[in-house]
Amino acid sequence: MQETTKEYLHEPKYILGMTCLSCDTTVEEQPTYSCTHCGTPGLEITYDYSALRQGISRNDWLKPTNSMWRYANLLPCREFPKTGLFVGATPLINARRLANELGVDSLYIKDDSVNYPTLSYKDRVVATAINKALEFNFQAIGCVSTGNVANSVSALAAAVGLPAFVVIPEGTEEGKIIGSIVYGAQVIKVRGNYDDANRLSREVSQNHGIPFVNINLRSYYSEGAKTVIYEIAEQLGWRLPRHIVLPLAGATLVNKAVKAVGELRKLGLIDDNPVRLYGAQATGSAPIATAFQAGVDEITPVTPNTVARSLAIGNPGDGKAAVRGIRSTDGYISAVSDLEIIAGMKLLASREGIFAEAAGGATMALTKQLIDTGIIPKDEEIAIVVTGNGYKTPEPVMGHIRFVREIDNDVNELLRAIGM
Ligand SMILES: *Cc1c(COP(=O)(O)O)cnc(C)c1O
Ligand SMILES: [Zn+2]
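Residues numbered from 1 in each chain as written. Chains lettered and ligands numbered in written order. Predicted model: local features only at pLDDT ≥ 70, side-chain atom pairs only at ≥ 80, totals over all residues. Heavy atoms only, no water.

Section: the coordination of the zinc ion (ligand 2)
1) Next: Coordination of the zinc ion (ligand 2) by the protein comes from Cys20 (SG), Cys23 (SG), Cys35 (SG) and Cys38 (SG), over a distance range of 2.3 to 2.4 Å.
2) Next: Around the zinc ion (ligand 2) sit 4 donor atoms, and with donor-metal-donor angles ranging over 106 to 114° the site reads as tetrahedral.
3) Next: Sequence spacing of the donor residues for the zinc ion (ligand 2), all on one chain, is C-x2-C-x11-C-x2-C. One end of the pair, cysteine 23, is in the loop between β1 (15-19) and β2 (26-27); the other, cysteine 38, is in the loop between β2 and β3 (44-47), with 15 residues separating them in the sequence.
4) Next: For cysteine 23, a relative accessible area of 27% puts it in the partly exposed group. (Donors = N, O, S within 2.8 Å, 3.2 Å for Na, K, Ca; no water. Tetrahedral: all angles 85-135°; square planar, octahedral: opposite > 155°, others 65-115°. Helix = DSSP H or I, 4+ residues; strand = E, 2+ residues; numbered from the N terminus. Buried < 20%, exposed > 50% of the residue type's maximum accessible area, 1.4 Å probe, protein only.)

A word on the site of ligand 1
1) Next: Close to ligand 1 lie 16 residues, the nearest being Tyr121, Lys122, Asn148, Ala249 and Thr387.
2) Next: Separating an oxygen atom of ligand 1 from a backbone N or O atom of alanine 251 is a distance of 2.8 Å.
3) Next: Within the backbone of leucine 253, one N or O atom sits 2.9 Å away from an oxygen atom of ligand 1.
4) Next: When isolated, ligand 1 has an accessible area of 380 Å², and the protein chains bury 97% of it.
5) Next: Cavity membership is defined here by more than half of the atoms lying within 2 Å of grid points; on that basis ligand 1 lies in the largest cavity. (Near = heavy atom within 4 Å. Polar contact = N/O pair within 3.5 Å; in protein donor to acceptor, adjacent residues only side chain to side chain. Areas by Shrake-Rupley, 256 points an atom, 1.4 Å probe, with all protein chains shown as cover. 1 Å grid on protein atoms, 1.4 Å probe; cavity = no way out; pocket = protein on both sides within 12 Å on 5 of 7 lines; lining within 4 Å. Sits in = over half its atoms within 2 Å of the grid points.)

Some remarks on the packing of helix α10 (residues 287-294) against helix α11 (residues 319-328)
Relative orientation and spacing of two packed helices are given, respectively, by the angle between their axes and the distance between those axes.
1) Next: Contact geometry for α10 and α11: axes closest at 10 Å, N-to-C directions at 50°. Between α10 and α11, the interaxial angle falls into the category oblique. For the pair α10 and α11, the crossing hand works out as right-handed. Residues Ile288, Ala291 and Phe292 of α10 form the contact with α11, whose own contacting residues are Gly319, Ala322, Val323, Ile326 and Arg327. (Axes fitted to C-alpha atoms, helices over the stretch in contact; angles between N-to-C directions. Parallel < 35°, antiparallel > 145°, perpendicular 65-115°, else oblique. Left-handed = near helix turned anticlockwise from the far one by under 90°. Contact = heavy atoms within 4.5 Å.)

That's the geometry; what it means functionally is another story.
Okay, structure coming up:
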């Protein structure tokens, strides 16, 4: 059994509060979507890095060891987690067959498609937000979601007896809907797309104080995403690959990857070697890639249309920060077509035995594009972050995979079918 004692080195004294990056006001932690002083959305959790630098070391800085809570000193929760204790600590795979196929020296896959309990990177962010919601004493918890956040909220809330409601758009895949209902969550489908569902949810959360993990608890939620980068660094012996390719939709993961790399440097846990970050969008939903490539920060919203439903956010609130963040790392943002996404899913599955959902196919496809165009040199280390599991949503590859060979109940037919 995994360690579940409270004897771990969590020191909430490192949390300084929530800071508005626009007017520089810092306030105590509270559920809010925007700055109470100037109204700018997206308060940033701040920590006392100089105290942290004294208080932690590479080897024994945190327990429990086998989950994302290993990095609790860099997360915004003050109490021992009450749900999601086993989230994170996903494999970092040295993908030799895939590297060979792409003609590169070294390629790793950070495989959050096997994150516990609901098989996507969203378990990290949701676990962080729900534990904070419990600290705030909320009696229910909700989210707006393209599917994976909904699954994670439903499961992690059920595990602690908290009623959950999840708001999803039309067109959410059946597998993801079932993956919320089964836990007993109230599933609410909006007749509209994600951006419509998001606008409605934001209004009720802001005007009525209703707890949504990714609206008025968003500052806490997004912090959980940093643990993907901390884990990669620790799994490589406290260093990062030169190139890290991530999917990009609402931009939580990319923005928090930028923050996490900066924190690891500030804390002296990794050296100052450049780490370039890349964001993968789908051509059917590429508002951030479009802005990046036009050399502007302003995001022009689009109406999404892609097989990668997890990436189908046409009006990403944090898009501007993603453009700036990726630019600051000297990285790149681009989009791939649905056919490239499907090819990417098949490549991950056939070369590495990883069945990723379409977002993983997009990340894979962008990586190939960046290598083929020379943006990523073939002799430099690369990591791909695979964020979701294909078993939930096999729809995109249907019709693009081998047929099932049906035979009579006959040994000779079986031998013939095997080809021996
Ligand atoms: C949410 C999600 C993304 C996009 O992440 P953002 O943080 O919104 O950019 C990518 N892949 C999967 C599987 C997701 O669920
Ligand atoms: Zn402010």
